[in-house]
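Descriptive structure summary
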Amino acid sequence: MRVREVRGAVNNYNPYLHTEISYFRFPVLILMQIPRISFLLLLLPAAVSISFAQQTFPVNGVHDERHTVFAFVNATIAVDYKTITDSASMTVRDGIILEAGRSISIPPGAVVIDLKGKYIYPSFIDLYSDYGMPEVKKPVPPADGSPQLLSGTRGAYGWNQAIKPETDAINLFTADPKKADELRKLGFGTVMTHYKDGIARGTAVLAALSDEKENTSVMKDRAAACYSFDKGSSAQEYPSSLMGVIALIRQTHLDAQWYKGNAGKEEYNISLDAWNKNAVLPQVFETGDKLSALRAAKIGKEFGVKYIIKGAGDEYQRLAELQAAGNSFIIPLSFPAPYDVEDPYDALQVPLGDMKHWEMAPLNPAAMEKARIPFALTAADLKDKKDFLKNIRKAIENGLSEQQALRALTVTPAEMLNLSGTIGSLKNGMTASFIITSGKIFDADNVILENWVQGKRYSAAGLDAPELRGSYELQVKNLPLLKLRAAGDFLNPSFFAGEDTAKNPVTFSRMGNLISLQFEIKKSSFSGQVRLSGYIEKDGLWKGEGETGAGEKISWTARRTAPYIPVAKKDTARKEKDIAGTLSFPNKAFGWKEIPPQETVLIKNATVWTNEKEGVLRNSDVLVSGGKIKMIGPGLEASPEYKSGGYALTAKVIDGTGLHLTPGIIDEHSHIAISRGVNEGTQAVTSEVRIGDVVNSDDINIYRQLAGGVTTSHLLHGSANPIGGQTQLIKLRWGFSPEKMKFEDADGFIKFALGENVKQANWGDKNVIRFPQTRMGVEQVYMDAFTRAREYRMAWDKYNSLSGKGRNPSPRKDLELEALSEILAGKRFITCHSYVQSEINMLMHVADSFGFRVNTFTHILEGYKVAGKLKQHGAAASTFSDWWAYKYEVMEAIPYNGAILHNMGIVTGFNSDDAEMGRRLNQEAAKAVKYGNVPEEEALKFVTLNPAVMLHVDDRVGSIRKGKDADLVLWSHDPLSVYARVLKTFVDGRVFFDSDKDAIAREEIRREKARIIRKMIEAKKNGEKTQKPLFIPDDLYHCETLGQP
Amino acid sequence: MKNLFKQPASCSLLLPAAILLLFCTAVFSQQPVPAKPQAKNILIMNATAHLGNGHTIENSVIGFENGKLILVGDATMVRIDKSKYEVVINGYGKHVYPGIIAANTILGLSEIELVRSTLDFTETGTINPDVRALIAYNTDSKVIPTVRSNGVLLAQIVPQGGMISGTSSVVTLDAWNWEDAAYFPDEGVHLNWPSLIIYRRQGAEADDNQKELIEKNISRLRDFFTEAKAYAAAPAPAENLRFEAMKGLFAGTKKLYLHAGYAKEIISAVNFAKEFGVQAVIVGGRDSWMLTDFLKENKVPVILGRTHALPGREDEDTDLPYKLPFLLRQAGVPFCVSVDGYWQVRNLAFNAGTAAGYGLSKEEALMSVTLDAAKILGIDKTAGSLEEGKEATLILSSGDILNMESCNIEYAFINGRQIDLGSIQAELYRKYKERYGLK
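Here the structure is a predicted model, which is why all the values come from computation and not from measurement.

**A word on the overall build of chain A**
- Looking only at helices and strands, chain A has 27 helices and 43 strands in total.
- If one aligns the C-alpha atoms of chain A with their principal axes, the spans along those axes are about 105 × 75 × 65 Å.
- Evaluated residue by residue, chain A yields a buried proportion of 52% over its 1045 residues.

**A few points about the overall build of chain B**
- Scanning chain B from terminus to terminus reveals 13 helices and 16 strands.
- For a compact globule of 439 residues, the expected C-alpha radius of gyration is about 22 Å, and chain B comes in at 23 Å, within 12% of that figure.
- Principal axes of the C-alpha set define a box for chain B whose edges measure 75 × 50 × 45 Å.
- Looking at the 439 residues of chain B, the share that counts as buried comes to 51%.
- Partitioning the intrachain contacts of chain B with sequence separation of at least 6 by distance along the chain shows that 70% fall at a separation of at least 24.

**Overview of the pairing of strand β33 (residues 710–715) of chain A**
All names here are of chain A.
- Here β33 lies mainly inside the structure; six of its six residues are buried.
- As judged from the four bridges shared by strand β32 (residues 665–670) and β33, these two strands associate in the parallel manner. Directly across from I666, in β33, lies its bridge partner T712.
- Pairing between β33 and strand β35 (residues 728–731): four bridges, direction antiparallel. Across the sheet, the residue bridging to L715 is Q728, located in β35.

**What to know about the interface of chain A and chain B**
- With 50 residues of chain A in contact, the opposing surface of chain B contributes 39 residues.
- The leading source of residues in the side of chain A that touches chain B is helix α24 (residues 921–930) of chain A, at five residues.
- Classifying every residue of the side of chain A that touches chain B by side-chain character gives 32 nonpolar, six polar and 12 charged.

**Details of the sheet that holds strand β34 (residues 723–726) of chain A**
Residues and elements named next belong to chain A.
- Spatially, β34-β36-β37-β38-β39-β40 is the arrangement adopted by the six strands of the open sheet, whose pairing is mixed. The open sheet is flanked by β34 and β40 (908–910), the only strands paired with a single partner. With strand direction ignored, the average angle separating the axes of adjacent strands in the sheet is 25 degrees.
- Pairing of strand β39 (residues 876–879) with β40, which is carried by three bridges, proceeds in the parallel orientation. Bridged to S878 within β40 is G909.
- Contacting β34, β36 (748–753) and β37 (828–834), helix α19 (residues 815–824) runs over the sheet at an angle of about 100 degrees to β37.

**Let's talk about the pairing of strand β12 (residues 283–286) of chain A**
All names here are of chain A.
- Examined bridge by bridge, strand β11 (residues 218–228) and β12 share four bridges and lie parallel to one another. Paired with A225 across the bridge in β12 is Q283.
- With three bridges connecting them, β12 and strand β13 (residues 308–310) associate as parallel partners. From the neighbouring strand, F285 faces β13, where its bridge partner is I309.
- Note on the crossover from β12 through helix α6 (residues 290–302) to β13: the handedness is right-handed.

**Brief notes about the domain arrangement of chain A**
- Considered domain by domain, chain A is made up of domain 1 (470–562), domain 2 (596–663 + 958–988), domain 3 (665–745) and domain 4 (775–957).
- With centres defined by C-alpha atoms, the gap from domain 1 of chain A to domain 4 of chain A works out at 85 Å.

**Here we look at unusual backbone geometry**
All names here are of chain A.
- Cis geometry marks the peptide bond from Y238 to P239; its omega dihedral reads -5 degrees.
- Take P239: it is sitting in the loop between β11 and α4 (242–261).
- Here the bond from F585 into P586 is cis, since omega is -15 degrees, no more than 30 degrees from zero.
- For P586, the location among the structural elements is in the loop between β26 (553–562) and β27 (601–609).
- For D381, which is not a glycine, the phi torsion comes out positive at approximately 75 degrees.
- Mapped onto the fold, D381 is located in the loop between β15 (375–378) and α11 (387–397).

**A look at the domain arrangement of chain B**
Residue and element names in this part refer to chain B.
- Assigned domains of chain B: these are domain 1 (2–99 + 420–436) and domain 2 (100–382).
- Using C-alpha coordinates to define each centre, domain 1 is positioned 33 Å away from domain 2.
- Among the secondary structure elements, those contributing two or more residues to the side of domain 1 that touches domain 2 are β5 (95–98) and α13 (424–436).
- Along the lines of polarity and charge, the residues of the side of domain 1 that touches domain 2 split into seven nonpolar, 10 polar and no charged.

**Brief notes about the sheet that holds β35 of chain A**
All names here are of chain A.
- One open sheet holds the three strands; their spatial order is β32-β33-β35, and the pairing between them is mixed. The open sheet has two edge strands, β32 and β35, and neither has a second partner. Pairwise comparison of adjacent strand axes, ignoring direction, gives a mean angle of 20 degrees for this sheet.

**Thoughts on the packing of helix α9 (residues 320–331) of chain B against helix α10 (residues 348–357) of chain B**
Residues and elements named next belong to chain B.
- The interhelical angle for the contact between α9 and α10, taken along N-to-C directions, is 75 degrees, at an axis separation of 8 Å. As judged from the angle between their axes, α9 and α10 are roughly perpendicular. Contacts from Y322, P325 and F326 in α9 reach T354, A355 and G357 in α10.
- Of the residues belonging to the contact of α9 with α10, the class tally is four nonpolar, two polar and no charged.

**Brief notes about the nonpolar core**
- Judged by nonpolar contacts, the single largest core of 403 residues is most densely connected at I120 of chain A together with L258 of chain B.
- For L258 of chain B, the contacting residues outside a window of four places in its chain are L191, W193, A269, A273, A280, V281, I282 and V283 of chain B.
- Within the second largest apolar cluster, 18 residues are counted, among which are L482, A497, L532 and A558 of chain A.

**Details of the packing of α4 of chain A against α6 of chain A**
Residues and elements named next belong to chain A.
- The N-to-C vectors of α4 and α6 enclose an angle of 20 degrees; their axes lie 11 Å apart at closest approach. It follows that α4 is roughly parallel to α6 by the angle criterion. For the element pair α4 and α6, the recorded crossing hand is right-handed. Contacts from I246, I249 and R250 of α4 reach α6 at R295, I299 and E302.
- In terms of residue class, the contact of α4 with α6 is made up of three nonpolar, no polar and three charged.

**Description of helix α12 (residues 402–409) of chain A**
All names here are of chain A.
- By the criterion of burial, α12 is predominantly enclosed, with six of the eight residues buried.
- Looking only at α12, the buried set comprises Q404, A405, L406, R407, A408 and L409.
- Elements in contact with the buried residues of α12: β3 (69–80), β8 (124–129), α10 (364–370), β15, α11 and α13 (411–416).

**Topic: the confidence of the model for chain B**
All names here are of chain B.
- In this model, chain B carries a mean pLDDT of 92, and residues with pLDDT of at least 70 account for 92%.
- Note that pLDDT drops below 50 for residues 1–28; the model gives that stretch 28 contacts with residues more than four away or on any other chain.
- Among the prediction metrics, the complex's ipTM stands at 0.93, with pTM recorded as 0.92.

**Let's talk about the confidence of the model for chain A**
Residues and elements named next belong to chain A.
- With 92% of its residues at a pLDDT of 70 or more, chain A shows a mean pLDDT of 91.
- Considering only residues more than four positions removed or in separate chains, one finds that residues 1–52, a stretch of pLDDT under 50, has 87 contacts.
- In this model residues 572–577 is a low-confidence stretch, pLDDT under 50, and it forms 14 contacts with partners more than four residues away in sequence or in other chains.

Cut-offs applied
Residues numbered from 1 in each chain as written. Chains lettered and ligands numbered in written order. Predicted model: local features only at pLDDT ≥ 70, side-chain atom pairs only at ≥ 80, totals over all residues. Helix = DSSP H or I, 4+ residues; strand = E, 2+ residues; numbered from the N terminus. Buried ≥ 20, exposed ≤ 12 C-beta atoms within 10 Å, placed from the backbone. Rg over C-alpha atoms; globule rule 2.2 N^0.38 Å. Contact = placed C-beta atoms within 7 Å. Pairing = 2+ DSSP bridges. Nonpolar A, V, L, I, M, F, W, Y, C, P; charged D, E, K, R; others polar. Axes fitted to C-alpha atoms, helices over the stretch in contact; angles between N-to-C directions. Right-handed = clockwise from strand over helix to strand, strands pointing away. Domains from an automatic or database assignment. Parallel < 35°, antiparallel > 145°, perpendicular 65-115°, else oblique. Core = buried A, V, L, I, M, F, W, Y, C linked by C-beta atoms within 7 Å. Left-handed = near helix turned anticlockwise from the far one by under 90°. pLDDT = per-residue confidence, 0-100.

See below:
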């Protein structure tokens, strides 16, 4: 605790402060001469070390200790974001605000600075900076090209190189005068900075942007703990996918809890120790898009942490979900640049989603404000930091309130760090970090004149910077009277000479009040160069001497005849009122402006493929209501139930004459709608990772699949390792958030894999060290994993049966073994990628020996060779219709596989493993008719009911039965026909694909793109920086896709 | 049926021969034996004939002798001299088609995609016009019978990789060796037009570097073509194998197949071909629908890729790949449909069928894998349609071959030779049906 004496008048402090800007019509006297001095004891929080002298440092020369009081008078002062007072004063000493407001006393001996017409604001705080941090290194993988399986960090640290909570930015921080100057000129006074490397990045330091020694500029060490989804410089293999990163964060939370309870007993771990120590700090989590923000929020919810989320600027696209999550945000102002779209073919490479985001990104801060999501603003992510203020103005033009903008740069960040008593406002005793501006802070022609950091003056434009702009009469001796005009930027205006001013530029320079001008005149009376040197006599009057091109000495005078009137040049391209485009879900091509409602629909007179004992019903009706199938049968309208249900009033009628209605297609093996990596194949066993953590609701393939009649997709981890990740069953509710796409209460599944992929047979000669490399090793991976899982379960069972002291220490909760013990307990089910008979046989033996059943073999191209064994084991088969020859292990794959398995009484399906094939699985099902003569009705079940059975959801989907979910497809032809087109796809009774609406959407996409292209070209003409349209290939995942392409 | 009733006697006479033929197809072998030349005249009666030129004959008679079609007619109109035919096949309720022609494949050059030793379609180096696909074409590939049994009887075997990949040939899919297989040898040179798309993705070069590289590659091609053309114009002091392989292009005996997808690539590739006065064909041509006037003006046909594909761009119509053939047909740009790859080629007819679900008529869809393909490959004088005088390369299916639900090929003839429709897959099916006692 530090006690400091501060002089000031305390009894009449803040008499006029209002919550709004107040302009008083009577003059307020600043009583500079009144010697009314009182003493104030001020208590400062100890954590904030605002020292004004480096007390421990030796001094070379004579000590120069100063305690000058600075008094700023006649200013409009924003004491905080909402309390703005004109004709006010502020006194500062030793880096601390003494007083601010009207009628405050100015102590004798104060340096008085008259700020008439000028403004004072608290300087800005940026919580997401890397100021003063060393450059983050690129990962350095092993030189021999082999995978780095272990952490490259030596010492008693944690096992994963990307988890480095032990990093304290305070230890790395070195002031950077050049960057500090750049940031000060934008209005910043304080930054929180951290080393942006890794998933757990350690703690951040809060620093003032001064040029003082770091000992002084550091305001708080360990100001917050920082996290991200990016493993940064770590070359360690794990985690290679986003879901792996999430699993790693969750596991580290658990490990840290365990470590706390068992500190030092089992191991010493610097990283877990630091993780726990950091837990008391504000927790900042960087995310790359709105879906990742939801992911971070969800992790936080699980472990009781309200992360402050560093957003990406696209939060407006999932506002409702983010609002519900309740996190606060740090929001960048890095609005995307318009694209170069003059060439129509180049413009093809820019998807509508990117165009819309260009248009709508400046709306993001206003949208956040409207949703009452607390947020701070950051200059992070800006390519050119100079755009910062310009972009705030853009945000304000697009609806952000000025008050909220100022709050987001001052009080909100201070509050986030629990430092609102110290920084972010200009109240008594707070840090004297403020800016002096020529006008209102967010006005377009405002100029930041000075930036005071911790009570030290730093010039920006300079308080004495003269107004140069305006129209002048230039009288040069012996020359005709000339016109001179200066316009544009306050600090660097452009000068023109002559009547037609735009044509004759003047070279102008200024140093202090010395100026020089050079230009050419082409007049009948005089023609040639003129070079003038002079000084600013006073505002609007310049004088001096000069020389003509002929060497003739001349004297001159310039007198301002008219002030500069700025041409209101606004960003016309992107103002709210101009934005005809509306947010859609997702915000891209084919997104919904309104999610299709659940309606009551009567489909009349169709051919209905029930998949039930009724078989195919000709000329039948189906009634859908409340998302469920209500009635099936011919002529429903005449039935008493229909009449009594009141459906006649509400039902939309679709004439199904000549059309076919089937249950929605279910793809047992899909990799669509997954963010950043489908494989966490860096370890043989990764049962801890969950596809459910990385569902990508924005994937256009969701819509494309709907257009192919798919209603449910089983999203699988890839096949890079024997035990992959937990799978996620989703309904293709295009436009919904990831969480809302999840199939409610579905049993948990997990992906296993066998064969060439898991033994890395086709990964090149470098990948020969990760176990297993043979099918022999694969078996041992399973035996080992399930043995460990069994022991793990026993340890927990034992622990849970104990009471009191005996329960200490607890076993470590291990997400990998949790998932495996769920399999042993019959609570989680396996779908196993498999090809040749030997390995299929093997896994069934492993399962038998541990007392569980393999639920499904997926791919299973040699299933026909082990059909009897499959039947005996009770496994289902989800295979390809006709794939083969793409690798050695599929050389005996046959397209008759499905027929044989089916005829052997095994639940058989066809899957896609491919976004393309997924959208025409009906055609693939037809191949079971071609290869093996499976009856048509049974073939359709290969892609509907049978996968539903495999996935344990046949009580909900897979057939047309009363009470089941209204997941239906209306086809133009027999659904197995190559000529069949999808007319409508229903999920839960909502029409998520409608060929008529689709046709309209196509037109809208064309119009919308054309409209935004016009605006982009306009923006470019107005001088906006642009970006090239670059082609970004789709992330199309298959089983074998590695990494995050 | 009606027709059969009219001539019961002659039909029964011919029955033993028909049974013999059927018996042949029922014998499965892992590697079918190439068929012998047509020895007996064959007549297919009463089938619906899909001629491949857009026309059908509902009740047809099709006769062939010595590998040539000698009769293609309407059973109700034509007088048939049945004594000419030793074998009569009752096609009632069935469908006859010309053999399907697969353009742009690596069939026979690739056996197991992930086993390098089985791959022979990409030579090292960037300019290899002299490299010939034909001599690497493996007639003994286990994959070929699985493609053939779905009706694909002729295929263009195309080298891949580099900028100029090499020279392609059209082969028949039933042969003892590549010499037997050769149908139109060394018919074209394949040029992978430098991608004009600037990519943004991890590991990609900076955009300016990408652009520079594109320009460098195009000027390299231009230099090569310029010298090759000069070489072709006059005897050279030393023989240059690369230039030799290019000669046919300038003489008009070979085609230049330009593999290009993006609109600007198509434009710049076609203009390049025009500059050197060579006959060009676009292969791939995803954006060709945007350039139909340009393609017509320059008389450049397109070998489209799979219709079973995803749209190339997020905003594109979800069914664009399905309707692409229709868009070209509508605009009058000559095209055919292909399936790049090898084992996947067995689904070529279904790729055409899908286009028929999205705008093409069924007969137009058939044309896109028969006569139109033959025209583009320069073999339409002898193949591609069922016309008298053309080769008897045809198939008989119990149902619509464009539709997987009904495609069931019972007979296939290449040049009148009856092809064994067995394959390793059919053999394994038989083996395991037997094991499980399935029918």
